[in-house]
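# Results of the structural survey
Listed below, chain by chain, are the residues.
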Amino acid sequence: MIGDFAPKIVELTDDILFGDVWERKELDPRDRSLITVANLITSDNTKQLGFHLNKAKENGRMLNIMSNIQDKVVMITGASSGIGEATAKELSSKSAKLVLAARREDRLKKLQEEIQNNGGQAIYKVTDVTSHEQMEELAEYALKEFGKIDVLINNAGVMPHSFLYKKKIDDWNKMIDVNIKGVLYGIAAVLPSMRERKEGHIINVSSVAGHVVGAGSTVYAGTKFAVRAISEGLRKEEYGNDIRTTIISPGAVHTELTNSITDMDLKPGIDEIYKGAIEADSIARAIAFAIEQPSDVAVNEMIIRPTQQER
Ligand code: NDP
């Protein structure tokens, strides 16, 4: 049983568009054989739940299951490590075409090669998100290579936490430039073509710190609150153009993010919190979930914490 329904065989028709996120192996409750169960969505947007996929195939009706991620052109900033890298891999496994951006070329090249070796498609461009010009060039490159941008994931971010009295002004400016201006420049770079096509999806990575402020995370939290405010404003301005927006707010995730903390009064407390951190692919799956919903469904906001994280 899957939830409150058993997998069933549904007549396959040309109407069936794509399989949902949770296509997976289950035991058939009738004979305990291993079957593939999928959620399918039809062209009139109704769901065929618990579709017994391999029985249908055995019955001679082949179905080319297409995910709503397949062939989407997805531009990811901060793709050289952590959440961005994990998201690139997750989306590539669902046949997205990827445009990878960050400053470290060696990492981008390695990721591109890995994706290509697994049969995926990816291009990359060394990009500093704090440069409006470089972000415009990134979008132009994506449009030149792939002809469209379906999804932008504004993921690049830095988190050099410190107490205000320490006056780490350079760190404040860096967070404002990367976490806020980078997101705005990303939006600016993709909006014209998305508005023209009346289609698109902008996913901004905020944080639990975009909901809750802690001592020492003041400036970082300020930037992440700003990401949520910008995302909500974007939603209100562009919903009429069928542009979807999603805010992703992770809790503690194992990445390189905490490496930038230089305030040694704070570091031990942060390290303690990160002992319970989850892996970046958990966030990647949440992002994939938002993208693969039908185009009339906008998953506007998600918070993903480690189960054991209180704050
Ligand atoms: P990482 O440090 O692993 O990744 C950060 C990415 O941002 C890197 O790819 C880095 O690439 C890129 N980046 C930083 N500065 C710039 C810049 N100026 N231009 C272009 N790219 C840049 O950390 P995460 O994967 O954890 O971070 C991803 C996002 O998730 C961030 O927005 C972060 O705030 C958010 N987040 C993370 C949490 C966590 O616990 N890990 C919790 C909540 C939110 P490069 O250095 O090559 O340019």
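Cut-offs applied
- Residues numbered from 1 in each chain as written.
- Predicted model: local features only at pLDDT ≥ 70, side-chain atom pairs only at ≥ 80, totals over all residues.
- Helix = DSSP H or I, 4+ residues; strand = E, 2+ residues; numbered from the N terminus.
- Buried ≥ 20, exposed ≤ 12 C-beta atoms within 10 Å, placed from the backbone.
- Contact = placed C-beta atoms within 7 Å.
- Core = buried A, V, L, I, M, F, W, Y, C linked by C-beta atoms within 7 Å.
- pLDDT = per-residue confidence, 0-100.
- Near = placed C-beta within 6 Å.
- Nonpolar A, V, L, I, M, F, W, Y, C, P; charged D, E, K, R; others polar.
- Expected span 1.5 Å × (residues − 1).
- Arc of directions from axis to C-beta.
- Pairing = 2+ DSSP bridges.
- Axes fitted to C-alpha atoms, helices over the stretch in contact; angles between N-to-C directions.
- Bend = angle between axes of the 7 residues up to and from the residue.

So, on to the overall build of the chain. A tally of regular secondary structure across the chain gives eight helices and eleven strands. Of all 311 residues assigned to the chain, the portion counted as buried reaches 40%. Restricting to contacts in the chain with at least 6 residues of sequence separation, those with at least 24 account for 68%.

Here Glu105 is to be found in helix H3 (residues 105-117). For Glu105, a count of 12 C-beta atoms within 10 Å corresponds to the exposed category. The sequence separation of Glu105 and Val126 amounts to 21 residues, and the corresponding C-alpha distance is 5.9 Å.

Let us now look at the nonpolar core. Residues Val74, Leu98, Leu100 and Ile287 are the most contacted members of the largest nonpolar core, which totals 66 residues. Considering every element that reaches this core, the biggest residue donor is helix H5 (residues 169-197), with ten residues. Each residue touching Val74, except ones within four places of it in the same chain, is listed here: Leu91, Ala96, Leu98, Val99, Asp150, Val151 and Ile153.

Moving on to the confidence of the model for the chain. When pLDDT is averaged across the chain, the result is 87; 78% of the residues are at 70 or more. The low-confidence segment residues 1-5 (pLDDT under 50) makes eight contacts with residues lying over four places distant or belonging to another chain.

Right, let's get into the site of the ligand. What surrounds the ligand is a group of 29 residues, the closest being Gly78, Gly82, Arg103, Gly157 and Thr255. No other element matches helix H2 (residues 82-93), which puts three residues into the shell around the ligand. Residues belonging to the shell around the ligand are distributed by class as follows: twelve nonpolar, twelve polar and five charged.

Right, let's get into the environment of Gln293. Mapped onto the elements of the fold, Gln293 is located in the loop between helix H8 (280-292) and strand S11 (301-304). The class of Gln293 is partly exposed, set by 17 C-beta atoms lying within 10 Å. Counting along the chain gives 224 residues from Gln293 to Ile69, while the straight-line C-alpha distance between them is 8.8 Å. Residues contacting Gln293, with those up to four places away along its chain left out, are Asn68 and Val299.

Next up on the list: H3. Taking 1.5 Å as the rise per residue, H3 with 13 residues should run 18 Å; its terminal C-alpha atoms sit 18 Å apart, in good agreement. Along H3, the residues that are buried comprise Leu108, Leu111 and Ile115. Taken end-on, H3 shows its buried residues confined to a sector of 65°, consistent with a single buried face. Those residues of H3 that are exposed and angled more than 90 degrees off the buried face are Glu105, Asp106, Glu113 and Asn117. In this structure, the buried residues of H3 make contact with H2, strand S6 (97-102) and strand S7 (121-126). Looking one or two residues past H3, Gly119 carries a phi angle of roughly 90°, positive in sign.

Spatially, the seven strands line up as an open sheet ordered S7-S6-S5-S8-S9-S10-S11, and their pairing is parallel. A single partner strand is all that each edge strand has here, and the edge strands are S7 and S11. The average undirected angle you get between the axes of adjacent strands in this sheet is 15°. The pairing of strand S9 (residues 200-205) with strand S10 (residues 243-250) spans six bridges and is classified as parallel. The residue of S10 that forms the bridge with Ile203 is Thr246. Sheet strands touched by helix H6 (residues 218-238): S9 and S10. Its angle to S10, the strand with the most contacts, is close to 165°.

Here the focus is H5. The terminal C-alpha atoms of H5 lie 41 Å apart, and with 29 residues this matches the ideal 42 Å at 1.5 Å per residue to within 8%. At Leu191, H5 shows its maximal kink, close to 40°; a proline, Pro192, follows between one and four residues later. Residue Lys198 follows H5 closely and has a positive phi angle near 50°.

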